[in-house]
Amino acid sequence: MPYTVIIGLQWGDEGKGKIVDAITPAFDWVVRFQGGANAGHTVLVNGKKHIFHLLPSGILREGVRCGIGAGVVVDPQVLQDEARAVEAEGISLRGRFFVDARAHLVLPHHRYEDHFEEEKGRGVGSTRRGIGPAYRDRSARMGIPLRTLFERPEKRDRLLERFFEWNEAILAARYGKPPIPREKVVEDLLRFRDWVAPYVADVAFLTQKAHEEGGQILLEGAQGAGLDLAFGTYPYVTSSHTIAGGATVGLGVAPRAITRVIGVMKAYTTRVGKGPFPTEVRDERAGLLRERGGEYGSTTGRPRRCGWLDLPMLRYMVRLNGATEIALTKLDVLAGMGEVPVGVAWKVGQERYEWPPLGMIPLEEVTVEYETWPVPEDLDRADRSPYVLRLEEALGVPVRWVSVGQAREALLERARG
Ligand code: IMP
């Protein structure tokens, strides 16, 4: 039985949470493999909106086990708050939720640094959740994986001291800030340790065992491929590997075990934060898309930049991720607009690209060639509309789901070809 990865093909906010929630009943496990509380996965159930930053969106389906993999950075407070909110709904986590002991912690130093950097106008427009600094510390071998909290006290304290010294030096040198009281941070961490203890596991091992026993495992990506640390629009990216390949190192799964990759994309494009965006709309239609689509960050509330579909970018991402099927979301937002522009090729100087070598393209210099495509008026039949059929043809991948509204039910599933 294969592992399935679900990732965003644009710059995040593609509506992955809704698709994960819809397909979760077919899985035994749903696992996050990268990112942290910068993500905001929205699921609407019975008119109630749930936004998950750290817990996998599968958590609302009680028969399913959920995990946070080794590649995720975990903010202790966010995890506790989310877990308590879910339990307050009568949904139990015990025995069905696990967090990998290797996942690194996001500590107050990381959040402050991220915040100060943005305040000074030097950041990339981050979510200020401490994600970049936490991953930096992990790579610099200065970070605190969850398992550190369970080490012998002398060893634990030594590792924490090292972390404090390093981060206090950064906060002082770059921002002129005094140290954050260590005792308070340690006290909070020890309280968190006691709370999290029943959930800590080797999630890679648990899911490998489940896989061997025939279990179905869904790997839930956060953000989108355009924000990938290596393949996105660097430096305007997040600090983790958001592409399907990130799942191998973010959970701990052999590449050959991943046989299905669901690419989620919106019927138009959005981006939050800074960075190039070739099909960005700069006239009043951007406001129209934003209002109709509710395009405000689910983590930060920031208005999202809006634009049309960008086929060259999508083609690159479909290939990079090996997408085997597509979930198209928010097609209802376009309904009523008659026809809309769709970016079909890029031009840089004399060159025209439908399948651009993204790493070699100065995105700021791209001009986009557009076609106009009709948008469906009858949402019940939107999955057979020219917009969907033309998209399928342009990308060479079947569109398996078409989402036409926020509710769980507003999802059309097409036969698997
Ligand atoms: P960070 O991940 O908070 O460091 O932010 C880096 C970039 O990724 C910024 O442009 C953010 O707006 C963007 N970003 C991070 N998480 C998300 C997300 O879940 N959706 C959309 N954009 C995101």
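Residues numbered from 1 in each chain as written. Predicted model: local features only at pLDDT ≥ 70, side-chain atom pairs only at ≥ 80, totals over all residues. Heavy atoms only, no water.

(A) Fine view of the pairing of strand S3 (residues 41–45). By the criterion of burial, S3 is predominantly enclosed, with four of the five residues buried. Across five bridges, the pairing between S3 and strand S4 (residues 48–52) is antiparallel. The residue bridging valine 43 from the neighbouring strand is histidine 50, located in S4. What sits between the antiparallel neighbours S3 and S4 is a turn of two residues, in which asparagine 46 has the positive phi angle 50°. (Buried < 20%, exposed > 50% of the residue type's maximum accessible area, 1.4 Å probe, protein only. Helix = DSSP H or I, 4+ residues; strand = E, 2+ residues; numbered from the N terminus. Pairing = 2+ DSSP bridges.)

(B) Highlighting helix H11 (residues 386–395). Within H11 the residues assigned to the buried category are Tyr387, Val388, Leu391, Glu392, Ala394 and Leu395. Considered in projection along H11, the buried side chains sweep an arc of 165° and stay on one side of the axis. Taken from the residues just after H11, glycine 396 is the one with a positive phi, measuring 70°. (Arc of directions from axis to C-beta.)

(C) Examining the nonpolar core more closely. Formed by 72 residues in total, the largest nonpolar core has its most connected members in Leu331, Leu334 and Tyr387. Composition of this core by domain shows at least three residues from each of domain 1 (3–100 + 200–261) and domain 3 (265–413). Aside from chain neighbours lying at most four places away, what touches tyrosine 387 is Ala267, Leu309, Leu331, Leu334, Val340, Val342, Trp373, Pro374, Val375 and Pro376. Counting residues in each nonpolar core, the second largest holds 52 residues, with Val43, Leu93, Val99 and Ala103 among its members. (Core = buried A, V, L, I, M, F, W, Y, C linked by side-chain atoms within 4.5 Å. Domains from an automatic or database assignment. Contact = heavy atoms within 4.5 Å.)

(D) Examining the site of the ligand more closely. Neighbouring residues of the ligand: 15 residues in total, closest Asn38, Thr127, Thr238, Val272 and Arg302. In the model, an oxygen atom of the ligand is placed 2.6 Å from a nitrogen or oxygen of the threonine 238 side chain. Taking valine 272, its main chain carries an N or O atom lying 3.0 Å from an oxygen atom of the ligand. When the ligand is considered free in solution it has 470 Å² of accessible area, and contact with the protein chains removes 96% of it. By residue class, the composition of the shell around the ligand is six nonpolar, seven polar and two charged. (Near = heavy atom within 4 Å. Polar contact = N/O pair within 3.5 Å; in protein donor to acceptor, adjacent residues only side chain to side chain. Areas by Shrake-Rupley, 256 points an atom, 1.4 Å probe, with all protein chains shown as cover. Nonpolar A, V, L, I, M, F, W, Y, C, P; charged D, E, K, R; others polar.)

(E) Summary view of the layout of surface pockets. Size it by volume and the second largest pocket reaches roughly 300 Å³. Forming the walls of the second largest pocket are 17 residues, and the residues nearest its centre are Gln77, Pro108, Arg111, Asp188 and Leu189. Contributing elements (two or more residues each) for the lining of the second largest pocket: helix H2 (76–88), helix H3 (108–119) and helix H6 (182–196). Take the lining of the second largest pocket: its biggest share by element is six residues, from H6. Within the lining of the second largest pocket, the residues separate by chemical class into ten nonpolar, two polar and five charged. (1 Å grid on protein atoms, 1.4 Å probe; cavity = no way out; pocket = protein on both sides within 12 Å on 5 of 7 lines; lining within 4 Å. Points joined across faces, edges and corners; volume = space filled by probe spheres on them.)

(F) Focus on the packing of H3 against helix H4 (residues 131–139). Remark: H3 packs on H4, axes separated minimally by 7 Å, with the N-to-C direction vectors making an angle of 125°. With respect to H4, the element H3 is oriented oblique. With respect to the hand of their crossing, H3 and H4 are arranged in right-handed fashion. Of the residues in H4, those in contact with His110, Glu113 and Asp114 of H3 are Ile131, Pro133, Ala134, Arg136 and Asp137. In the contact of H3 with H4, the residues fall into three nonpolar, one polar and four charged. (Axes fitted to C-alpha atoms, helices over the stretch in contact; angles between N-to-C directions. Parallel < 35°, antiparallel > 145°, perpendicular 65-115°, else oblique. Left-handed = near helix turned anticlockwise from the far one by under 90°.)

(G) Just the packing of aromatic side chains, in detail. For the structure on display, the rule yields nine aromatic pairs. Residues tyrosine 112 and phenylalanine 116 carry aromatic rings whose centres are separated by 6.1 Å and whose planes lie at 15° to one another, so their mutual orientation is stacked. Linking tyrosine 112 with phenylalanine 116, this pair stays in helix H3, spanning four residues, or about one helical turn. We classify phenylalanine 116 as buried; its relative accessible area is 17%. A ring pair is formed by phenylalanine 163 and phenylalanine 164, whose centres lie 5.9 Å apart and whose planes are at 70°; its orientation type is edge-to-face. As far as burial versus exposure is concerned, phenylalanine 163 and phenylalanine 164 are alike and both buried. Over the aromatic face of phenylalanine 116 sits the side chain of lysine 177, whose NZ or CZ is 4.6 Å from the ring centroid. Its end group placed over the ring of tryptophan 355, arginine 315 keeps NZ or CZ at 5.6 Å from the ring centre. (Phe/Tyr/Trp six-rings, centres within 6.5 Å; stacked < 30°, edge-to-face > 60°. Lys NZ or Arg CZ within 6 Å of the ring centre and 35° of its normal.)

(H) Focus on the pattern of salt bridges. With the rule as written, the count across this model stands at 39 salt bridges. Two residues, arginine 111 and aspartate 75, come together in a salt bridge whose shortest N-O distance is 2.9 Å. One end of the pair, arginine 111, is in helix H3; the other, aspartate 75, is in the loop between strand S6 (73–74) and H2, and 36 residues separate them in sequence. Taking the relative accessible area as the measure of exposure, aspartate 75 reaches 4% and is therefore buried. Put simply, glutamate 295 and lysine 266 hold a salt bridge, and the shortest N to O gap is 3.0 Å. With glutamate 295 in the loop between helix H9 (285–293) and strand S13 (305–307) and lysine 266 in strand S11 (residues 258–266), the pair connects residues that are 29 residues apart, well separated along the chain. Take glutamate 295 and lysine 266: they sit in the same class, and that class is buried. When salt bridges with common partners are traced through the structure, they connect Asp13, Lys266, Glu295, Arg304 and Lys330 into a single cluster. (Salt bridge = Lys/Arg side-chain N within 4 Å of Asp/Glu carboxyl O.)

Structural measurements only, silent on function.
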